[in-house]
Amino acid sequence: MAAYATTWAKPKISTSCSQRSQKNVNCSLQSPSILHFPKKSPQKYQTPSIPTTIAQPKHQDSSSPQWNFLQKAASMALDAVENVIASREKEHPLPKTADPLVQIAGNFAPVQEQPVCHSLPVTGNIPECISGVYVRNGANPHLEPTAGHHFFDGDGMVHAVQFKDGAASYACRFTETERLIQERNLGRPVFPKAIGELHGHSGIARLALFYARGLFGLVDHSQGTGVANAGLVYFNNRLLAMSEDDLPYHVQVTPSGDLKTVGRYSFDGQLDTTMIAHPKVDPETNELIALSYNVIQKPYLKYFRVSADGVKSSDVDIELADPTMMHDFAITENFVVIPDQQVVFKISEMIQGGSPVVYDKNKVSRFGVLDKYAKDGSGIKWVEVPDCFCFHLWNAWEDEESDEIVVIGSCMTPADSIFNECDEGLQSVLSEIRLNLKTGKSTRKPIMSPEDQVNLEAGMVNKNKLGRKTQFAYLAIAEPWPKVSGFAKVDLFSGKVQKFFYGDEKYGGEPLFLPRTPNSENEDDGYILAFVHDEKAWKSELQIVNAMTLELEATVKLPSRVPYGFHGTFISAKDLASQA
C-alpha cells in the first residue's frame, strides 16, 4: 500500500495523477445527490484535486499466502467483475455530489495522521478554566476513491487539542474501524460507500460483489462496516466515535494527549444493533438516550437508554411505515422527541436505476413524543409538522404554561436541495416548533427576523441545559454553503442574533460551547471553541471566543492542516483522569 506523503504543504496533484484520476474515477449515478452544490458560482470548484496525502489504491496480490487456492481464484474472478463494473461506470460522468475531485477538494481534502505535538504557539491567553481536551470528528478517506465518493463516506478521524497547565498540544488519528483495518491491509477500498456508490444497477452490483468477497472470506463484514466519522460523545468514562451505520467505537485519549482506538464498543455485549450518531446525555440523570434504525427490516426504529453506570434498557420498538433517515432527535426532561420526516429508504429504487435514499413529497413530516421510560412504543403521540425537514435538532423542552413541547431546529428548504443539484439556493432557517399533545396540532415560526436570516447548521446549546428551556444557541453560519464563515449566538426568546466571523478567507465548522463551570449563574458564561482554516495562508488554528462578549480570547496555532469536519465534544481533565 502506498504510504502517505510526509509534507504538510498545501495539497497539489501531479499531472500524471490528475490524468489518472480524471480517467478512472467515474460511475453511473442516475439518482438524487446527497449534498446540494449550486450549479451557479462554479469558480469555487474549478480546479479540485485529490491531494498527495491520500494513500493510492493498489490491487490485492492474489498470490497472498494467507489465501487458499479457492480464495485466490475467487479473488481473480471478482476483480475481473469489478473491472467490468468500473468500465461501465466510466460511460457516465459523475455528479458533483459524488465526484471525489469536488467532494474532497481544498480543505475538505484528507490529511495524514499527526502524532501529538506539544507546546503549540498561542496568541492571547488560554482561559484558566479550560483544562482537558477538545475533540472533533470528521471524514478523512484513507485510500483514494476508485469510484463515486461523497464527503460523508470518508473514514473517521478524530482531531484533539489538549489543554494542560496553560499549554496546548495537538494530535489527529484515524479511528481504527474494522472497515479501515481491512482496507488498509488490502491496499484498496472494497467496502461499498453508502452515499457515493450505492446507486442504481452499479450499486446493486457493488453490493453483490462485496458480499461475494465476504462469502469467500476475502473480507469480513460480520464485525461492522461503519466509518465512525460523525458524532462524538463522552459517556461512562469512554469517548465514543459514531456513525449511524454501526456500533460506536471506543477511542482513548492518552496521558500525552494522543489518541488510541480501543475497539468497537457494544456496551459490554448489550448492544447488537447500530446506534444513531447523535445520542444525548441527560445532564440530570447522566443517562445516554439513543435510537437505532434499520433500512432493511422491521422494526425500522428502536429506542433505548443506557444508565449512567452502563446498563442498557430493553429496546422499545417504534412503528414506522417506511425506514426513515433519522440523523438526530431531541430530549426533554421527561420525553424523547423523534422526527419522522420525508427522507426515506427504498432499496427497490436501486432496481429502477435510482438511489435508495428518497425524498417522499407525498409524506407529511411528523414528530413523535414518547415517555423516556416507556416500556413499549404504544404510548407515542405523533404530531404532524407539514413541510418541515430538520437535519439537526438543537434542543427541546416542556413548556408548562402552554402545555406544549418546544423543539428548536434548523429547517431546510427546499427539503430535497440536500439530495439534488439545483439552481435554487438552500435555506436553513432556525425555527421554533411547538407540539401540542392535547390537540395534536403544531405551529412553526422562524426565530430570527428576515433581516438577520442566515443559514445556520451545526452547533449546540449549553450541554448543562440540554432538554431544558434554554435562551441561547450557538450555530455555524453555513455561508458560503457548504463552508462555514463564523458562528451565530442566537437568543431563542427574543430572536436577537450576534455574529462572530473567523476572519478574511478563514472558514471553520461546528462551534462548541464550553461552560465556564457546571453551575454558572449565566447560561452563556463560557467559551466557544472552533477549528478554523486560513485558505489564504493554508494554515489551521483553534480559536477560543468569549461566549458572553464574542471577543477572541486566544488562538492556538496548529502544526498541520485540519480539514472541515463534523461534530465534537470537550472532556474535562477530571474526566480524562477516570477514563476506562
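Predicted, not measured: the structure shown is a model, and the values here were computed from it.

What follows concerns helix α2 (residues 69-89). Over its 21 residues, α2 extends 30 Å from the first C-alpha to the last, a length consistent with the 30 Å expected when each residue adds 1.5 Å. Turning to α2, its buried residues are Q71, A74, S75, L78, D79, E82, I85 and E89. In a view along the axis of α2, the buried residues occupy a sector of 140°, so they form one face of it. Exposed residues lying more than 90 degrees from the buried face of α2 are F69, M76 and R88. The inward-facing, buried residues of α2 contact α5 (200-215). The backbone nitrogen of L70 lies 3.1 Å from a side-chain oxygen of the residue at the head of α2, namely N68.

Moving on, we come to the UniProt feature "binding site: Fe cation" (unreviewed entry) in the protein. Per the UniProt record, "binding site: Fe cation" (unreviewed entry) is annotated on H278, H327, H392 and H567. With the annotated positions falling across 290 residues, the maximum pairwise C-alpha distance of 12.4 Å places them together in a single cluster. Lining residues of the second largest pocket drawn from the annotated list: H278, H392 and H567. Along the chain, H392 turns up in strand β20 (residues 390-399). Apart from the residues within four sequence positions on either side, H392 is in contact with H278, H327, D328, G409, S410, E457 and H567. Of the polar contacts made by the side chain of H392, one reaches the side chain of H327; its length is 3.2 Å. Position of H567 relative to the elements: it lies in the loop between β32 (552-557) and β33 (568-572). On the basis of relative accessible area, H567 is assigned to the buried category, the value being 9%.

Okay, the confidence of the model for the protein next. When pLDDT is averaged along the protein, the result is 83, and 86% of the positions lie at 70 or above. Long-range and interchain partners of residues 1-52, a stretch whose pLDDT sits below 50, account for 142 contacts in this model, where long-range means more than four residues apart. In the predicted structure, residues 58-64 sits below a pLDDT of 50 and forms 18 contacts with residues beyond four places in sequence or in another chain.

Next up on the list: the environment of A308. Mapped onto the fold, A308 is located in the loop between β12 (301-306) and β13 (316-318). We classify A308 as partly exposed; its relative accessible area is 38%. Residue contacts for A308: discarding those within four places in its chain leaves F235, N236, T285, N286 and E287.

In this section: the sheet that holds strand β6 (residues 231-235). With antiparallel pairing, four strands are arranged side by side in an open sheet as β6-β7-β8-β9. Because the sheet does not close on itself, it has two edges, and the strands there are β6 and β9 (259-264). Each adjacent strand pair in this sheet contributes to an overall mean axis angle of 30°, direction not counted.

This part covers the sheet that holds strand β25 (residues 472-477). Sheets are built from strands paired through backbone hydrogen bonds, the pairs being either parallel or antiparallel. If you walk across this open sheet you meet the four strands as β24-β25-β26-β27, and the pairing is antiparallel. What marks the edges here is a single partner per strand, and that holds for β24 (456-460) and β27 (497-501). Adjacent strand axes in the sheet meet at a mean angle of 30°, parallel and antiparallel pairs treated alike. Examined bridge by bridge, strand β26 (residues 486-491) and β27 share five bridges and lie antiparallel to one another. Bridging from a neighbouring strand, V490 pairs with V497 of β27.

Attention now goes to a negative patch on the surface. A surface patch of like charges, here negative, comprises E284, E333, E400 and E401. Mapped onto the elements, E284 comes out in the loop between β10 (280-281) and β11 (288-293).

Below, the discussion takes up the nonpolar core. The biggest cluster of nonpolar side chains holds 46 residues, and the ones touching the most others in it are L430, L456 and V490. Those residues in contact with L430 that lie beyond four places of it in its chain are W394, I408, G409, S410, K445, P446, I447, L456, L475, V490 and L492. Grouped together as the second largest cluster of nonpolar side chains are 41 residues, Y170, L512, A530 and I544 included.

Take the environment of H533 next. Residue placement: H533 occurs in strand β30 (residues 526-534). It is 6.1 Å that separates the C-alpha atoms of H533 and G508, two residues lying 25 residues apart in sequence. Sequence-distant contacts of H533, that is, excluding residues within four places in its chain, are made with N107, E505, K506, Y507, W538, K539, S540, R561, V562 and Y564.

Calculation rules
Residues numbered from 1 in each chain as written. Predicted model: local features only at pLDDT ≥ 70, side-chain atom pairs only at ≥ 80, totals over all residues. Heavy atoms only, no water. Helix = DSSP H or I, 4+ residues; strand = E, 2+ residues; numbered from the N terminus. Expected span 1.5 Å × (residues − 1). Buried < 20%, exposed > 50% of the residue type's maximum accessible area, 1.4 Å probe, protein only. Arc of directions from axis to C-beta. Contact = heavy atoms within 4.5 Å. Polar contact = N/O pair within 3.5 Å; in protein donor to acceptor, adjacent residues only side chain to side chain. UniProt positions renumbered as here; feature names shortened; annotations may be inferred. 1 Å grid on protein atoms, 1.4 Å probe; cavity = no way out; pocket = protein on both sides within 12 Å on 5 of 7 lines; lining within 4 Å. pLDDT = per-residue confidence, 0-100. Pairing = 2+ DSSP bridges. Axes fitted to C-alpha atoms, helices over the stretch in contact; angles between N-to-C directions. Patch = residues over 30% accessible without salt bridge, like charges linked within 9 Å, V, L, I, M, F, W, Y side chains within 5 Å. Areas by Shrake-Rupley, 256 points an atom, 1.4 Å probe, with all protein chains shown as cover. Salt bridge = Lys/Arg side-chain N within 4 Å of Asp/Glu carboxyl O. Lys, Arg positive; Asp, Glu negative; His and termini not counted. Charge placed at Lys NZ, Arg CZ, Asp CG, Glu CD. Core = buried A, V, L, I, M, F, W, Y, C linked by side-chain atoms within 4.5 Å.

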